[in-house]
Structures are given as structure tokens and as C-alpha cells.
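Structure at a glance
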Amino acid sequence: MQTVSHLTAIGLSALLLACAWPASAQRRTVPRRTTTVSPWDVEAREYLGTPESEAAVNAGLAYLTSHQQADGHWSSGGYPSDTGITGLALLAYLAAGHQPNRGRYGLAMSEAVDWLAKCVQRGGQYTPPGFINAGQGSGQPMYGHGFATLALCEVFGMTHRKDLKPKIEAAVRLIEDSQTDDTSQQRAYGGWRYQPAKGDADISVTVVQVLALRAAKNAGIRVSQATIDRAIIYMRKCSNYATDGGFNYQVGQQLSGPARTGAGILSLMMAGLKDSPECQGGIRYLETHRLGSGNEWPYREHYFYTLYYITQAMYQVGGDHWKQWYPMVRDRLLRERNSDGSWSAGSEAGAEYATAMAILVLQVPAGLLPIYQK
């Protein structure tokens, strides 16, 4: 699903091994003391949402609900049955604080969960066990698998539905088994590509698997530490920190871009590597290649995907980076939404996909998804 996209082995110390996902990213049993300035329990200095942005989220969710297919999935653009798009739509509800089987959107969410769970393959000649794929009408398979796994992990962590656990475990095993782990393949080592097979890699597919693995670990699913370590190695190798600071689509390209740079920063921040030269180089790149006059095209190339990763990355970085980025992207999305509550302008994958992504961007500072928490 290209539309949704788009060192050398540095030994990782025992410290990184122990904190590949920082403890602060886990589900908290005791909330921190906060000053509440919105319906969401977040710190005042980080929540920059407005009544207008919250209303836009609600309208977007209503749009998604009215466009859900009878069997629980979403069709968007040229993708009539892509598991990744349905996973993203489900995540949009979760990010806004809704739960399956509860409240206004409970039924829609439960039907989406059931559809994704049914797409987990038992295995066959062309479908390895654990592969989340709906067959014909899907985009690039590992994109769909990664976002679907991420969504199911977030639901499982919230609901503890027993029937989901073995399916999620199988999906996680597929991610682990399809990672390129042959050290002789230095350009792909530690990464993933479009198909559930070893041998090639790009940063766009890899970051989706990183997010899925993090969500799985947060939800109590066993995740191979070696898989995480190799993934971080790959992300670091995509960095151009010695030149412009940005990240490449694939190792060795020397062609930085904002979407992949946001993805790189986010992955390294989640691994506790904020002070690494690769992460700091990525932050520098986004500072010098800001969205706006003179830099519109690189952001528009894969617009919603780009906003999705940069917003998550800037939230993790925090401080002035976050305070400058979020109000700008928030107001931009408010200007660009349609009268029916959807987003579509600039989307290569249809309005349902764009609407889900816009909601996820707007909801980052609410911190209701574990993957958004610091």
C-alpha cells in the first residue's frame, strides 16, 4: 500500500536491551497528577487541542461510522478490503476514548475488531500463519498486517478479549519471522518490506512493524528483544545524520524526506535514543525543512502519512518543537476538512483513510493510546 507510506551493526548495550520500550511508555496503574484543560487527562503544557478540533474529531468519527461496510471493515479509495485501513479506522475510535461494545460507537468498533480477527490466516500455500490479510482488494500486505496488528493489540490491552490473544501472538510471530536477520544483507538487515518474507526492507514498512511490536509488548504479548534490537539497527542505518540529518526510505540512498524522518525519530525516541546523533539529526532536519512555503511538496507527496508520523515524533520530543508543530498542523487540518466531517484533499487512498489519519493526528496530545504516551 504505497499510498499509505511512503548501524552497520552498532552493538546495543545492556541498557538499551532493558529499555527498548521505556517504562514510561507502559500502561500506568496510577495516573500522574495533572492539570486538566480538556476532557482528556493530559498535562496542560502538552494538550493543545481546542473545542474546534474536538468537534472535528467527533464529526470525523460520525463520518467513519456512516461509511463502515456491513461486515465491519472500511473501503477507501482503490482499497476495498485493506486490513491496514480498517486498523487505522479502529485506532481512530480508540484514540478518541471510545471502546468496543460501549457507547455510541461500541458496535461499530466490535464489528471492526471481529473482521480483523477473522482476517488472521491459519496458514496455507500462499498465506503464512498469523498473516492478517483480506486477500483481493488489499494494498501492500505488510502495511496492512502492521496496522491491523497494532489495532488488535490496543484493543486487547484495553478489553483483554481472550479470543484475540492467540491471534495477536500469531501475528507477532509473523512479524518476527519475516524480519531480515541475515547479517550478510546489510542494506536490509533488521527491516521489513512489502511481503511477509525476508530479504528486502524500507523504513516505511519497518516503522509500522516497530509500532505493532511496541503495542504488543505494552499489551503483555511476548516480543523478541532481538527483533526489536535489529529493527533499531535498521532505523539508525537509514539516517543521514552526518549530512542533512534526515532519514532515507532505504539504506544508502542519501535522499532524506519528512515522512521517513518523522518515522525515524519516533522509532528512536521509543527506544530511549533521544540523544543519539541519528535522532538529533532528524530533529534538526525537520527544523530546517518545515511544512510551509518552499517545503509543501515533500509533505504533500504522502500527506496524511507524513503528518501522522511527524506529529507523533514531535509529541515525543516535546518542548518548543511540539508547541510549534501541533497548533500549525491542527489548524491546517481544520481548514482542510470537508463539510460532511471527512478529510480527502491530498489523500491518495481515499476519504476513509484520510479521515482516520486526520483524527489520529488531532488526538495525539490526548494520549489515550499507549503508542502515543511518553
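The shown structure was predicted, so the numbers you read here are calculated from the model rather than taken from an experiment.

1. Side note on the nonpolar core
- Within the largest apolar cluster, 117 residues are counted, with the highest numbers of intra-cluster contacts made by Tyr308, Tyr309 and Leu360.
- Apart from residues lying up to four places away in sequence, Leu360 is in contact with Leu88, Leu91, Ala92, Ala95, Tyr308, Leu369 and Tyr372.

2. As for the packing of aromatic side chains
- A full pass over the atoms with the stated rule returns ten aromatic pairs.
- Clustering of aromatic rings is evident, with ring pairs tying together Phe147, Tyr305, Tyr308 and Tyr309.
- Across from the ring centre of Tyr194, 4.5 Å away, lies the NZ or CZ of Arg193, which sits over that ring.
- Positioned over the ring face of Tyr303 is Arg300, at 3.9 Å from the centre of the ring.

3. Side note on helix α9 (residues 258-270)
- Over its 13 residues, α9 extends 18 Å from the first C-alpha to the last, a length consistent with the 18 Å expected when each residue adds 1.5 Å.
- For α9, the buried fraction is high: 13 of the 13 residues fall into the buried class.
- Following α9 by one or two positions, Gly272 adopts a phi angle in the positive range, close to 75°.

4. So, the side chain of Gln179
- Take Gln179: it is sitting in the loop between α6 (164-178) and α7 (203-218).
- Within the local environment of Gln179, its side chain forms a polar contact with the side chain of Arg230, the two groups lying 2.9 Å apart.
- Apart from residues no more than four positions distant in its own chain, Gln179 is found in contact with Gly190, Gly191, Trp192, Lys198, Thr227, Arg230 and Ala231.

5. Overview of the confidence of the model for the protein
- When pLDDT is averaged along the protein, the result is 88, and 87% of the positions lie at 70 or above.
- pLDDT under 50 marks residues 1-42. Its contacts with residues more than four places away, or in other chains, come to 106 contacts.

Cut-offs used in this document
Residues numbered from 1 in each chain as written. Predicted model: local features only at pLDDT ≥ 70, side-chain atom pairs only at ≥ 80, totals over all residues. Heavy atoms only, no water. Core = buried A, V, L, I, M, F, W, Y, C linked by side-chain atoms within 4.5 Å. Buried < 20%, exposed > 50% of the residue type's maximum accessible area, 1.4 Å probe, protein only. Contact = heavy atoms within 4.5 Å. Phe/Tyr/Trp six-rings, centres within 6.5 Å; stacked < 30°, edge-to-face > 60°. Lys NZ or Arg CZ within 6 Å of the ring centre and 35° of its normal. Helix = DSSP H or I, 4+ residues; strand = E, 2+ residues; numbered from the N terminus. Expected span 1.5 Å × (residues − 1). Polar contact = N/O pair within 3.5 Å; in protein donor to acceptor, adjacent residues only side chain to side chain. pLDDT = per-residue confidence, 0-100.

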